[in-house]
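# Structural characterization, general
In case you want the letters, here they are:
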Amino acid sequence: MKTVAYQKCINPRCGATFDVGQTLTGCSQCGDLLDIDYNWSNTAVPKSLREFQNRWQNRRFPLDFSGVWRFRDLLPFAADAMICTIGEGQTFLQNAVCLGNHIGMWPGQLWLQYEGMNPSGSFKDNGMTAAFTHARLVGARRVACASTGNTSASLALYASSNGFQGIVFIGSGKIAFGKLSQALDYGARTLQIDGDFDTCLMRVREVAKQLGLYLMNSVNPFRLEGQKSIMYRILESLSWESPDWIIVPGGNLGNCSAFGKAFSELKTLGLIKRIPRLAVINAEGANTLHQLYTAGLRWNAGVIDDARIGAYYAEMDGKGIHPYTVASAIEIGRPVNLKKALRALDVMDGVTCEVTDHEILEAKALIGRFGLGCEPASAATIAGLQRLLKSQIISRSERVACVLTGHGLKDPDATVYYHTGINTKLARTPAAEETWGLRANKPLRVADDLAAIVAAIGADDFDSAAVGGYVPTAADLPFVEY
Ligand SMILES: *Cc1c(COP(=O)(O)O)cnc(C)c1O
Ligand SMILES: [Zn+2]
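Please read all numbers here as calculations on a predicted model, not as lab measurements.

Cut-offs and rules
Residues numbered from 1 in each chain as written. Chains lettered and ligands numbered in written order. Predicted model: local features only at pLDDT ≥ 70, side-chain atom pairs only at ≥ 80, totals over all residues. Heavy atoms only, no water. Domains from an automatic or database assignment. Contact = heavy atoms within 4.5 Å. Buried area = accessible area lost by both parts, 1.4 Å probe. Salt bridge = Lys/Arg side-chain N within 4 Å of Asp/Glu carboxyl O. Polar contact = N/O pair within 3.5 Å; in protein donor to acceptor, adjacent residues only side chain to side chain. Buried < 20%, exposed > 50% of the residue type's maximum accessible area, 1.4 Å probe, protein only. Helix = DSSP H or I, 4+ residues; strand = E, 2+ residues; numbered from the N terminus. Pairing = 2+ DSSP bridges. Axes fitted to C-alpha atoms, helices over the stretch in contact; angles between N-to-C directions. Phe/Tyr/Trp six-rings, centres within 6.5 Å; stacked < 30°, edge-to-face > 60°.

## So, the domain arrangement of the protein chain
- If you check the domain split of the protein chain, you get domain 1 (1-43) and domain 2 (92-119 + 224-431).
- Placing the centre of domain 1 and that of domain 2 at their C-alpha centroids yields a distance of 28 Å.
- In this assembly, eleven residues from domain 1 lie in contact with 14 residues from domain 2.
- Summed over both sides, the interface of domain 1 with domain 2 buries roughly 1,000 Å², with 57% coming from carbon and sulfur.
- For the domain 1 face of the interface with domain 2, the top three residues by lost area are Ile10, Leu33 and Trp40, together amounting to 42%.
- For the pair domain 1 and domain 2, the number of links is three salt bridges.
- Applying the counting criterion to the domain 1 and domain 2 interface returns five residue pairs in polar contact (both at pLDDT 80 or more).

Right, here's the structure in full:
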């Protein structure tokens, strides 16, 4: 039988390949990251992306129902019988008319890909379904990860629904309660380690090696294969036309890396004409990618300046700098997929950007005010878009798709703090203080008294301008032609 899928070192000077049946978290020759690569000529790939639409008619079949495995011809590394799916990827691309107007985009050009709709409430499920499929393929029984929260929630869910034991490492005191509650509820063995995410990841890699646990962090190249499908769904929602920009928050940089891989493969296969541009948004307090990219670090055909990255981390350690942001999902100082992210920025003619916690929370409140809840990390996309519009890197007329990575209920503390001002977590700078909580919507304290309650509600002075001055109707929805 001809080989379809194999693992391959991303370093072109090494280029070592490995069987998909091996469990690896890096190249055993040079230690670099691994990709899943395909001999496309040995597998059937649809001639047009439109062919995938036919699968909607067969939604009673779990693999056609899944928003990841509907596209299985584009990640053909496992036999159908091995696939672990719980119906992930039922997500949608919302045309955010009011939010777009509010931030000055041309009508209809801003789109939000709402990955909070996944079974565990974040985009991580797209990757977990693929990595668990590989874990099953290699006969693993125990799976582990380090996590800022969502990876552990997703791992725990997939472990409990597919017959694995889940083990998760979380940093102490950093995790949002929505996420912690999921890991506990789904029965994962949960270890709280003294230290931040970067420390946890180092530890879990050690422990996984010693105990033979299957590692589920995004150094696992199979996860990124599943995350490619987020881009397929965006394309599908836009009648298979590429938007001008994809905007995504950057933490460990697995997601942006997967997006770059998705588009470069589609282009190679002749399935799309144009690759969109990419904007990766860092939080100011966890901005390794942005700093290095701004200083000129590039993919450079795979010949990356390792010394420069090493020096950056040495300086970070020397100064005792630890990542710090309200957007806990992207509070990462040593992004493991940095090199793949540089490749994605290269393929997608990308840019990076950093935003403050204050900007993130204001953007999150805006997204919420216009009707879609997300967690702080996801809101970095809109905060980043606002900056990129201002600096005219993105134009108001361009079509932009922002990936809202996680559900609003993941981190209710951040939301309640913002609206009530009771906030213990954020460092407030004097400048931020002046414009703090622009959209704060404080609960009103009222006595249990009819007249007082009526007075508190007030006269009918509702101004629809406050929500965009415009109520969209069905006629405003774009007609998506299939
Ligand atoms: C994991 C996560 C991110 C960061 O994604 P990376 O692939 O690590 O860059 C962003 N937002 C949310 C909600 C996440 O859970
Ligand atoms: Zn190698």
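We are not done yet, so read on.
## Here we look at the pairing of strand 1 (residues 5-9)
- Among the five residues that make up strand 1, four are buried, leaving the element largely enclosed by the rest of the structure.
- In this structure, strand 1 lies alongside strand 3 (residues 34-38), joined through five bridges in antiparallel fashion. In the strand pairing of strand 3, cysteine 9 is matched with leucine 34.
- Examined bridge by bridge, strand 1 and strand 2 (residues 17-19) share three bridges and lie antiparallel to one another. The partner of glutamine 7 across the bridge, within strand 2, is phenylalanine 18.

## Some details on the sheet that holds strand 11 (residues 277-283)
- What the six strands build is an open sheet, ordered 4-5-13-10-11-12; its pairing is mixed. Looking at strand neighbours, the two that pair on one side only are strand 4 (92-95) and strand 12 (351-355), the edges of this open sheet. Adjacent strand axes in the sheet meet at a mean angle of 25° when their direction is disregarded.
- Its contacts with the sheet put helix 8 (residues 229-237) on strand 4, strand 5 (110-114), strand 10 (245-249) and strand 13 (400-404), and the angle it makes with strand 13 is roughly 135°.

## Let's talk about the environment of glycine 285
- Structurally, glycine 285 can be placed in the loop between strand 11 and helix 10 (288-294).
- For glycine 285, a relative accessible area of 30% corresponds to the partly exposed category.
- C-alpha separation for the pair glycine 285 and leucine 180, spaced 105 residues apart in sequence, amounts to 23 Å.
- Apart from the residues lying within four places of it in its own chain, the contact partners of glycine 285 are His322, Pro323 and Tyr324.

## Side note on the packing of aromatic side chains
- A full pass over the atoms with the stated rule returns nine aromatic pairs.
- Between tyrosine 38 and tryptophan 40 the ring centres are 4.9 Å apart and the planes differ by 40°, which places this aromatic pair in the tilted class. As far as burial versus exposure is concerned, tyrosine 38 and tryptophan 40 are alike and both buried.
- Grouping aromatic residues by their ring pairs yields a cluster made of Phe52, Phe71 and Tyr232.

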